[in-house]
Amino acid sequence: PETNTVFSFMQLYTYGGATTERDTKTATLDHIRYPALLSELDEIADLQDNWDTYGAEAPSDHTIEYARDMLRQCIVFGLIPVDVIPSGEGGVGIAFRKTDRYADIEFLNNGSILGATSGDDVEPDVWSLQWRVDHLTSALERIKSHLTP
């Protein structure tokens, strides 16, 4: 896909290089965790403004759908998030962790998308993304690489 291609689930799903080899045990765990993450996202979608008692906006329907599409792509990349959480900034975060390393992608109601990585042995890094195939693919590759040094 060209770098100016607008993201859609099927475009990213069929994007070359997005396949990973995983053993049967990992794939089975993926299928167990994935429905739980979708269920968590459904609960987040029901939040109301001020859900945190500090005035946070509830995630918008658009933001929820972005997060749902990204969860699908995590499966394609062999990245199973540890959590899906509402953002105090108004949006949804998808969190990853492996031993002492952490990463997340946060979809904000204002349209911003942020990626972040951190760990005991690395400096925190935060970057902006756009809802495009090349940005999202790159973010997942960056997170996967960060979690498996």
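In case you missed it, the structure is sitting above this.
Predicted, not measured: the structure shown is a model, and the values here were computed from it. (Residues numbered from 1 in each chain as written. Predicted model: local features only at pLDDT ≥ 70, side-chain atom pairs only at ≥ 80, totals over all residues. Heavy atoms only, no water.)

Provide a residue-level description of the nonpolar core, including the pertinent values.
If you look at the biggest cluster of nonpolar residues, it comprises 31 residues, and the most contacted ones within it are Met 70, Leu 71, Leu 79, Phe 96, Ile 105, Phe 107 and Ile 143. The set of elements that each furnish at least two residues to this core consists of α2 (24–45), α3 (61–77), β2 (91–98), β3 (101–108), β5 (122–129) and α4 (133–147). Among the elements that take part in this core, α3 stands out by supplying 9 residues, more than any other. (Core = buried A, V, L, I, M, F, W, Y, C linked by side-chain atoms within 4.5 Å. Buried < 20%, exposed > 50% of the residue type's maximum accessible area, 1.4 Å probe, protein only. Helix = DSSP H or I, 4+ residues; strand = E, 2+ residues; numbered from the N terminus.)

Residues and numbers for α3, please.
Between its first and last C-alpha, α3 extends 25 Å over 17 residues, near the 24 Å set by a 1.5 Å rise per residue. Along α3, 13 of the 17 residues are buried, which leaves the element largely enclosed by surrounding structure. After α3 finishes, the residue Gly 78 shows a positive phi value of roughly 75 degrees. (Expected span 1.5 Å × (residues − 1).)

Lay out the environment of Asp 49 in plain terms, naming residues and giving numbers.
Along the chain, the position of Asp 49 falls in the loop between α2 and α3. Residue Asp 49 is classed as exposed on the basis of its relative accessible area, which comes to 56%. Asp 49 sits 10 residues away from Pro 59 along the chain, and the two C-alpha atoms are 8.3 Å apart. Beyond its immediate stretch of four places on either side in the chain, Asp 49 contacts Ala 56, Glu 57 and Ala 58. A distance of 2.8 Å separates a polar side-chain atom of Asp 49 from the backbone nitrogen of Ala 58. (Contact = heavy atoms within 4.5 Å. Polar contact = N/O pair within 3.5 Å; in protein donor to acceptor, adjacent residues only side chain to side chain.)

Report on the sheet that holds β5, specifying residues and quantitative values.
Here we have 5 strands laid out as an open sheet, ordered β1-β2-β3-β4-β5, and antiparallel in their pairing. Two strands bound the open sheet, and with one partner strand each, they are β1 (83–87) and β5. Mean inter-strand twist for the sheet, computed between neighbouring axes without regard to direction, equals 20 degrees. Relative to the sheet, α3 contacts β1, β2 and β3, its axis offset from that of β2 by approximately 25 degrees. Across the sheet, α4 is in contact with β2, β3, β4 (113–119) and β5; its angle to β3 comes to roughly 160 degrees. (Pairing = 2+ DSSP bridges. Axes fitted to C-alpha atoms, helices over the stretch in contact; angles between N-to-C directions.)

Hey, could you go over the environment of Ile 143 for me, with residue numbers and the actual values?
In this fold, Ile 143 is placed in helix α4. Ile 143 sits in the buried class, given a relative accessible area of 0%. Between the C-alpha atoms of Ile 143 and Leu 79, which are 64 residues apart in sequence, the distance is 8.6 Å.

I'd love a proper account of the pairing of β3, names of residues and values included.
Counted residue by residue, β3 has 7 buried out of 8 residues, so it is predominantly covered. Remark: 2 residues form the turn of the hairpin made by β2 and β3, two consecutive strands paired antiparallel; Thr 99 in that turn has positive phi of roughly 45 degrees. With 7 bridges connecting them, β3 and β4 associate as antiparallel partners. The partner of Arg 101 across the bridge, within β4, is Gly 119. Between β3 and β4, which pair antiparallel and follow one another directly, the connecting turn spans 4 residues, one of which, Gly 111, has a positive phi of 100 degrees.

Worth remembering: the numbers are spatial, not functional.
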